[in-house]
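# Chain and residue survey
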Amino acid sequence: MWGCCGCCSALRPRYKRLVDNIFPVNPEDGLVKSNMEKLTFYSLSSPDKLDRIGEYLYQKASKDINRKRYRFVEIAMEAMDILLQACHAQTTLNLFVESFLRMVQKLLEDSNPTLQILATNSFVKFANINEDTPSYHRRYDFFISKFSSMCHGNNDNTELRDNIRLAGIKGLQGVIRKTVSDDLVENIWEKQHMEKIVPSLLFNMQFDVNVMFVKKNMSVSGDLTPVEDATQVTPPALAEEVLRELVGRASFGHIRSVLKPLLTHLDRHELWVPNTFAIHTFRIVMISIQPQYSYTVVETLMQHLDNNFKSSPKTRTSLAVVLSKIIAIAAGESVGPSALDIINNLLTHLKTSVGTTTEITPEESQYQEALINALGEFANHHPDYQKIEIMLFIMNTVPDLTKKSKGDQMLQNILLKSLLKVGTQYNTVSFEKAFPASFLQPLLKMARAPHDPTRIIVMKIFQALLDRHQNEKVLSMVSVKPYAALSQEPPSRSDIIFTHKYGANIMQALIDSLALSDKVDSLTSSYNTAALLLVEMACGETVQEFLLFILGIQQVAVIAEDLSDLHKCCLHAIAIALLTLAARVTGITNLLEYAQKIIEARKEDAGHFLPSIMEPNNKPSTTKFNLNLPHLSIDKIALAECLQNAGMDFNRLQSGVPYTLNQKDNPSHRHSWVESVSNQMTQRNSSTDLTTYNGDNDSISSSPGVAKKALAPEYTVDAMKRYLAEPSEAMKKEMQEKQKQIVRAFRESNFEELMKRTEPKHDVLQNRLNDLFSSLALDNKATQNVNNNNNQDKPIYETYFPELFYY
């Protein structure tokens with residue numbers, strides 16, 4: 001009998017004998033390595049036998065599995081792995097891979113966890129092999145389903161459960177690597193596959209939300225670490241790593257295939273509240289995704305927010321918070337229409353929130369604040385020129401002031417808050433760029449809104465854009481005392497031009513805003529804006545405009561009849577506080593001394609005209625205030641004298657009219673110097689006091705508003721340099737002394753002396769004119785005689801036909 005078996009074995013094919021020889025008599029001895037080397041050499045020498053070798057190994061392993069001889073199964077799987085690694089460059093490898101995958105599937109179908117883990121590790125080794133020949137008929141449906149089910153393993157043994165889950169995650173990573181790079185195999189991005197892979201990864205990540213990113217995959221190069229090297233990581237960490245790899249490999253058309261099951265998983269398991277896990281997951285997605293596709297994540301999340309408009313406010317708030325956390329990452333890649341599209345979507349959600357609720361609950365308010373924060377975070381990562389475009393876009397969506405319904409007022413406040421959020425992120429360098437006419441005009445219109453909260457938000461927007469030196473908190477209190485921590489810088493030429501062009505419009509809007517309400521919060525916010533405007537723009541060339549503005553505030557307190565007594569007192573206090581601030585900012589000592597005199601006088605006779613009346617703790621008495629105190633008001637003539645004594649131009653202050661209520665303004669209008677001169681000429685009469693004489697007033701200069709300088713007696717290069725330079729203190733004193741001498745001469749001299757002083761100039765001028773007229777008359781006679789002589793000498797045809805018209 002033994003001889004018969006030996007005879008039969010000799011007749012068997014050689015590849016079967018080689019396969020049989022790798023199995024030991026005792027399974028505990030393991031693979032017979034010497035015989036395995038022979039089998040490997042035979043496989044490399046005869047690659048056409050690879051498919052038969054694989055099929056034979058699969059048959060032997062199947063019999064051993066049925067007989068529960070698991071040790072022999074492990075030896076067969078090990079032999080498969082060795083052959084696969086050694087022969088991966090062979091063109092006939094595809095036939096061997098079919099047997100290999102059948103064996104892996106056979107092991108995975110068994111209930112033994114050890115065989116499942118063994119099969120998974122073999123599949124991972126196969127996934128790391130780069131095949132040269134394409135495969136047309138492989139399918140991985142079973143492997144995706146099986147590995148996903150292993151990710152949800154729930155064995156009572158914690159260690160075994162983690163090992164099974166790790167094996168399932170590794171298997172999914174192997175499937176992803178094997179299918180993503182090969183377009184001929186099954187499409188891994190299809191819905192039925194992603195709905196198994198993504199939830200399986202998220203299920204494992206839920207158990208450790210605070211896991212940080214795997215350091216191995218944080219390298220910029222993006223090289224992937226082999227799966228078998230990551231044996232020490234936990235299932236949450238490995239699942240996070242696989243999710244990063246999956247998102248990183250997704251193209252533009254496939255990223256939504258990953259996001260939809262992700263959002264569905266968060267909805268089904270109610271992971272939005274609290275949103276710690278959702279924020280962590282979406283941050284992983286945004287960091288892993290290709291930068292040019294990050295906008296798709298934001299768009300998909302906004303669409304999901306649209307679909308949840310009927311959900312609870314907490315859920316919508318959590319969604320908006322997640323959006324605010326990730327939107328900054330996408331902002332860097334969003335330019336032009338895509339940026340405005342995101343802003344428009346956020347504003348649409350805000351409008352929907354306001355329109356669907358009659359009253360704003362605390363939860364709904366938190367949702368709106370989350371949307372506004374998302375908008376601010378998105379705008380913060382854009383350049384300044386785009387922030388201006390975003391603010392202008394938001395301003396155009398604010399409802400008209402004529403709509404006075406409660407819902408429209410709520411929507412106005414919400415949109416203006418979003419505008420304020422963007423404004424706080426803007427770094428103002430030039431006011432001309434920060435306040436374009438198309439943005440300034442509607443903003444000034446909103447500053448006159450009858451609703452107090454609306455005006456306060458508009459003032460905060462002005463403060464955010466005006467405050468270049470962080471003085472907003474310092475100037476938040478109305479005071480006549482010096483501000484200790486005030487930061488100041490002289491305005492640039494462009495800022496001065498902006499003040500001349502638009503300053504009057506802004507100041508007019510501030511006066512209208514101050515006259516609308518007597519509430520301390522509203523008045524203080526308007527004062528804060530005016531003070532910032534003064535600190536940033538006040539200088540010698542613009543101080544007259546600000547003084548007219550201060551006089552306008554005082555005039556409103558005196559003339560307006562529909563204001564309460566407390567309101568008028570507050571306006572007087574704001575006017576003196578701004579006058580003191582203007583004197584300190586511009587450094588005009590005479591103006592500061594005059595303001596201090598008014599303050600001291602008011603302390604004695606009219607304390608209700610000082611800023612102390614606006615203090616929050618100060619409750620005004622019910623007694624009627626004495627408002628008829630003209631001697632304690634700011635005097636326009638005295639202000640002009642202060643500027644004159646300081647050697648500064650005061651024509652605009654002397655001839656201009658203080659700002660009044662409801663004055664029509666146009667941001668494109670600029671005060672003309674011709675109007676100032678005409679007003680000055682109409683106001684002048686023969687009884688004008690000679691103390692206000694200025695030698696430059698009688699001459700119309702081509703540079704309005706700039707005092708004319710006297711020429712130096714000698715015209716050397718040094719003299720011209722001195723003339724072009726700013727006048728020194730000595731020259732100013734000399735000019736003032738000459739002016740005083742002229743005034744004194746015209747005051748003390750009689751009429752005859754003045755005639756004698758001017759008579760020689762008139763004689764010289766008359767003599768010169770006579771000479772000119774006589775010379776012109778002689779020249780005219782000479783030319784007439786010459787023409788008559790020439791006409792007589794010329795032939796007739798030259799007279800009637802000039803040279804240009806005959807040949």
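Residues numbered from 1 in each chain as written. Predicted model: local features only at pLDDT ≥ 70, side-chain atom pairs only at ≥ 80, totals over all residues. Heavy atoms only, no water.

The test is simple: UniProt positions are given in the numbering used here, feature names are shortened, and annotations may be inferred rather than shown by experiment.
Labelled according to an unreviewed UniProt entry, the protein chain appears under the name Protein EFR3 homolog cmp44E isoform X4, originating from Glossina fuscipes. A UniProt comment under Sequence similarities (unreviewed entry) is attached to the protein chain, and it reads "Belongs to the EFR3 family."

## Focus: the overall build of the protein chain
Here is the rule: Each helix is a run of DSSP H or I of at least 4 residues and each strand a run of E of at least 2, with the numbering of both proceeding from the N terminus. Working definition: with a 1.4 Å probe on protein chains only, accessible area under 20% of the residue-type maximum means buried, over 50% means exposed, and in between means partly exposed. Residues count as neighbours in contact if any of their non-hydrogen atoms are within 4.5 Å of one another. In this description, accessible areas are obtained by the Shrake-Rupley approach with a 1.4 Å probe, and a residue is regarded as covered only by the protein chains that are shown.
Each helix and strand counted, the protein chain has 34 helices and 0 strands in total. Looking at the 807 residues of the protein chain, the share that counts as buried comes to 45%. The long-range share in the protein chain, meaning contacts at least 24 apart out of those at least 6 apart in sequence, stands at 74%. Of the roughly 42,200 Å² of accessible surface on the protein chain, a fraction of 53% belongs to carbon and sulfur atoms.

## With respect to the environment of S487
Within the fold, S487 resides in the loop between helix 22 (452–466) and helix 23 (493–514). Spatially, the C-alpha atom of S487 lies 9.4 Å from that of V474, the residues being 13 residues apart in sequence. Apart from the residues within four sequence positions on either side, S487 is in contact with H469, N471 and V535.

## Observations concerning the packing of aromatic side chains
Formally: For this analysis, a ring pair means two rings from Phe, Tyr or Trp (six-membered ring only for Trp) whose centres lie within 6.5 Å, classed as stacked if their planes differ by under 30 degrees, edge-to-face if by over 60, and tilted for the remaining angles. To sit over a ring, a charge needs its Lys NZ or Arg CZ within 6 Å of the ring centre and within 35 degrees of the ring normal.
Taken as a whole and judged by the stated rule, the model has 16 aromatic pairs. A centroid spacing of 5.2 Å and a plane angle of 55 degrees characterise the contact between F498 and Y502, whose relative ring orientation is tilted. With a gap of 4 residues between them, F498 and Y502 both fall in helix 23, about one helical turn apart. The ring of F23 has K60 lying over it, and the distance from NZ or CZ to the ring centre is 4.9 Å. Against the face of F126 rests K178, its NZ or CZ located 4.5 Å from the ring centre.

## Considerations on the nonpolar core
Rule in force here: Among the buried residues, those of types Ala, Val, Leu, Ile, Met, Phe, Trp, Tyr and Cys that are joined through side-chain atoms within 4.5 Å form a nonpolar core.
Counting 217 residues, the largest nonpolar core has L57, F282, F435, L579 and I634 as its most contacted members. Per element, the largest residue contribution to this core is 13 residues, and it comes from helix 26 (residues 565–586).

## What about the environment of A374?
On the secondary structure map, A374 appears in helix 17 (residues 362–380). Expressed as a C-alpha distance, the spacing of A374 and A320, which sit 54 residues apart in the sequence, is 7.1 Å. Beyond its immediate chain neighbours, meaning those up to four positions away, A374 contacts A320, L323, S324, I327 and L346.

## Some details on the packing of helix 4 (residues 50–66) against helix 5 (residues 70–86)
As a reminder of what qualifies: Comment: axis = line fitted to C-alpha atoms, over the contacting stretch for helices; angle = value between 0 and 180 degrees taken between N-to-C directions. Reported orientations rely on four angle classes, namely roughly parallel under 35 degrees, roughly antiparallel over 145, roughly perpendicular from 65 to 115, and oblique for the rest. Working rule for handedness: look at the near helix, and if it is turned counterclockwise from the far one by less than a right angle, call the crossing left-handed; if clockwise, right-handed. Residues are grouped as follows: Ala, Val, Leu, Ile, Met, Phe, Trp, Tyr, Cys and Pro are nonpolar; Asp, Glu, Lys and Arg are charged; all remaining types, including Gly, are polar.
For the pair helix 4 and helix 5, the least separation of the axes is 8 Å and the interaxial angle reads 160 degrees. Judged on the interaxial angle alone, helix 5 and helix 4 are roughly antiparallel. Once helix 4 is placed against helix 5, the crossing between them reads as left-handed. On helix 5, the residues that touch I53, G54, L57, Y58, A61, D64 and I65 of helix 4 are Y70, F72, V73, A76, A79, M80 and L83. Grouping the constituent residues of the contact of helix 4 with helix 5 by class yields 12 nonpolar, 1 polar and 1 charged.

## Observations regarding unusual backbone geometry
One can expect most non-glycine residues to show negative phi and most peptide bonds to be in trans. At the junction of V273 and P274, the peptide bond is cis and its omega measures out at -5 degrees in the coordinates. With respect to the helices and strands, P274 occurs in the loop between helix 12 (255–268) and helix 13 (276–288). In the Ramachandran plot, Q470 falls in the positive-phi region, its phi being about 55 degrees despite a non-glycine side chain. In this structure, Q470 sits in the loop between helix 22 and helix 23.

## Observations concerning the pattern of salt bridges
As a reminder, the rule being used: The salt bridge criterion pairs a side-chain nitrogen of Lys or Arg with a carboxyl oxygen of Asp or Glu, the two atoms within 4 Å.
Enumeration according to the criterion identifies 21 salt bridges in this entry. Here D384 ties to K387 by a salt bridge, and the two come within 3.7 Å at their closest N and O atoms. Taken as a pair, D384 and K387 lie in helix 18 (residues 384–397) at a separation of 3 residues, close to a single helical turn. A relative accessible area of 27% places D384 in the partly exposed class. The residue D512 makes a salt bridge to R448 at a minimum N-O spacing of 2.7 Å.

## Examining the state of the cysteines
Put simply, the rule is: We call a pair of cysteine sulfur atoms a disulfide when they lie within 2.5 Å.
One pass over the full model with this rule turns up 0 disulfides. C569 forms no disulfide, and the closest cysteine sulfur to it belongs to C570, at a distance of 6.9 Å. C569 gets classed as buried once you look at its relative accessible area, which sits at 0%.

## Considering helix 18
The following threshold applies: A helix is expected to span 1.5 Å for every residue after the first.
For helix 18, which comprises 14 residues, the first-to-last C-alpha distance of 20 Å matches the rise-based estimate of 20 Å (1.5 Å per residue) to within 8%. Where helix 18 is concerned, the buried positions are Q386, K387, I388, I390, M391, I394, M395 and T397.

## What about the environment of K481?
Following the sequence through the fold, K481 ends up in the loop between helix 22 and helix 23. For K481, a relative accessible area of 61% corresponds to the exposed category. Remark: the alpha-carbon pair of K481 and L581, spanning 100 residues in sequence, is separated by 8.7 Å.

## Structural notes on a nonpolar patch on the surface
Selection criterion: Put simply, a patch holds well-exposed residues, over 30% relative accessible area, that have no salt bridge, with like charges counted together within 9 Å and Val, Leu, Ile, Met, Phe, Trp or Tyr side chains within 5 Å.
The grouping of L769, L772, F773 and L776 at the surface amounts to a nonpolar patch, some 380 Å² of accessible area in total. Residue classification places L769 among the partly exposed residues on the basis of a relative accessible area of 33%.

## Thoughts on helix 26
In a regular helix each residue adds 1.5 Å, so 22 residues correspond to 32 Å; helix 26 covers 32 Å between its end C-alpha atoms and thus fits that length. Burial within helix 26 is extensive, with 18 of its 22 residues counted as buried. Backbone geometry just after helix 26 places G587 at a positive phi near 75 degrees.

## Quick look at the packing of helix 25 (residues 543–559) against helix 26
For any two helices packed against each other, the geometry comes down to the angle between their axes and how far apart the axes lie. Axis separation between helix 25 and helix 26 bottoms out at 8 Å; the angle between their running directions is 165 degrees. The angle between helix 25 and helix 26 places the two elements in the roughly antiparallel class. Where helix 25 crosses over helix 26, the handedness of that crossing is left-handed. Side by side, helix 25 and helix 26 meet where V543, L547, F549, I550, I553, Q554, V556, A557 and V558 of the first sit next to K568, L571, H572, I574, A575, L578, L579, A582 and T586 of the second. Taken together, the residues of the contact of helix 25 with helix 26 sort by class into 14 nonpolar, 3 polar and 1 charged.

## Things to note about the side chain of S99
Relative to the helices and strands, S99 resides in helix 6 (residues 93–109). Residue S99 is classed as buried on the basis of its relative accessible area, which comes to 4%.

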